[in-house]
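# Structural overview for review
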Amino acid sequence: SQQGEEDPQALSIQEGENATMNCSYKTSINNLQWYRQNSGRGLVHLILIRSNEREKHSGRLRVTLDTSKKSSSLLITASRAADTASYFCATDAPNAGGTSYGKLTFGQGTILTVHP
Amino acid sequence: DAGVIQSPRHEVTEMGQEVTLRCKPISGHNSLFWYRQTMMRGLELLIYFNNNVPIDDSGMPEDRFSAKMPNASFSTLKIQPSEPRDSAVYFCASKSEFTEAFFGQGTRLTVV
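Anyway, here's the lowdown on the structure attached to this text. (Residues numbered from 1 in each chain as written. Chains lettered and ligands numbered in written order. Predicted model: local features only at pLDDT ≥ 70, side-chain atom pairs only at ≥ 80, totals over all residues. Heavy atoms only, no water.)

## Digging into the sheet that holds strand S6 (residues 55–58) of chain A
Residue and element names in this part refer to chain A. Quick note on the threshold: Whether two strands pair comes down to DSSP finding at least two bridges between them. Each helix is a run of DSSP H or I of at least 4 residues and each strand a run of E of at least 2, with the numbering of both proceeding from the N terminus. Every axis corresponds to a line fitted to the C-alpha atoms, with the helix fit spanning only the stretch in contact, and the corresponding angles, defined between N-to-C directions, vary from 0 to 180 degrees.
Taken together, five strands build an open sheet; the order of strands is S1-S3-S8-S7-S6 and the sheet is antiparallel. The two strands at the open ends of the sheet, each matched to only one other strand, are strand S1 (5–7) and S6. Adjacent strand axes in the sheet meet at a mean angle of 20 degrees, parallel and antiparallel pairs treated alike. By the bridge criterion, three bridges tie S1 to strand S3 (residues 19–24) in an arrangement that is antiparallel. Looking at S3, one finds that Asp-7 is bridged to Asn-22.

This is the structure we're talking about:
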């Protein structure tokens, strides 16, 4: 089953607008992370929110987590053309023994296009 | 630190040939992950190591795939024999207990 499914699949906005991406997952988690990927490049870590946290901020990024609904959202405020990229949520879930080595399960991602 | 280093960046090979992808994790990181990214299946975890020991290889698609981590500073992912459906971007990532995962730039593999 797919863990970490994002919507929308694609989002197109104008510079200065806010962009909101949502992520749903299926199992219990230790934490949820958001990554960014520019075309043809590797993934860059943006922010991590732990299962006991509800909201976290980092610069223009705001992440929320609702463990009862198994969902998270990433808000990018005052978007810039340079924010154009794919954004992925990834869940870090405990294995059967309750431990976690930090393995991540990724969603399909949201392609964000910010027009100047 | 130069980050996670993967080589080669691009690989084009013929079906049936052996392919070896290489990864140098960030010094001090004790967990290493191999992921594969395709348009159809997205990012899939293939295998991961902790302290050089393979922990879970359930994501390795077939016996044609194998991975090793002979020491803390080097890992390989080998495909033998390669097939066109193996074409993808393969990412290596490393992390320590106290950091997030850092990804390499990936190896774009094309099997013709």
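## Quick word on the side chain of Asp-92 of chain A
Condition: Buried means the residue's accessible area, taken with a 1.4 Å probe over protein chains only, is under 20% of the maximum for its type, while exposed means over 50%, and partly exposed covers the values in between. Asp and Glu count as negative and Lys and Arg as positive, but His and the ends of the chain are not part of the count. Salt bridges are defined by distance alone: a side-chain nitrogen of Lys or Arg within 4 Å of a carboxyl oxygen of Asp or Glu. The criterion used for residue contact is that any of the two residues' heavy atoms lie within 4.5 Å.
With respect to the helices and strands, the residue Asp-92 of chain A is situated in strand S9 (residues 85–92). Among buried Asp, Glu, Lys and Arg side chains, Asp-92 of chain A stands out as unpaired, with Lys-95 of chain B the closest opposite charge at 5.8 Å. When near neighbours in sequence (up to four residues on either side) are disregarded, Asp-92 of chain A contacts Ile-29, Asn-30, Asn-31, Gln-33, Ser-100, Gly-102, Lys-103 and Leu-104 of chain A.

## Some details on the interface of chain B and chain A
Our working definition: Here the buried area means the combined drop in accessible surface, using a 1.4 Å probe, for two parts upon being joined, counting both sides. Each residue receives one of three labels: charged for Asp, Glu, Lys and Arg, nonpolar for Ala, Val, Leu, Ile, Met, Phe, Trp, Tyr, Cys and Pro, and polar for the others, Gly being one of them.
If you look at the interface, chain B gives 22 residues, while chain A gives 15 residues. Together, the buried faces of chain B and chain A total about 1,500 Å²; carbon and sulfur atoms form 55% of this surface. On the chain B side of the contact with chain A, Leu-43, Phe-103 and Gln-105 of chain B bury the most area, a combined 30% of that side's loss. Put simply, chain B and chain A have one salt bridge between them. Two residues, Lys-103 of chain A and Asp-56 of chain B, come together in a salt bridge whose shortest N-O distance is 3.8 Å. Among the secondary structure elements, those contributing two or more residues to the side of chain B that touches chain A are strand S4 (31–38), strand S5 (42–50), strand S6 (53–56) and strand S9 (88–95) of chain B. Top element by residues in the side of chain B that touches chain A is S5 of chain B. It accounts for five residues. A per-class count over the side of chain B that touches chain A returns 10 nonpolar, six polar and six charged.

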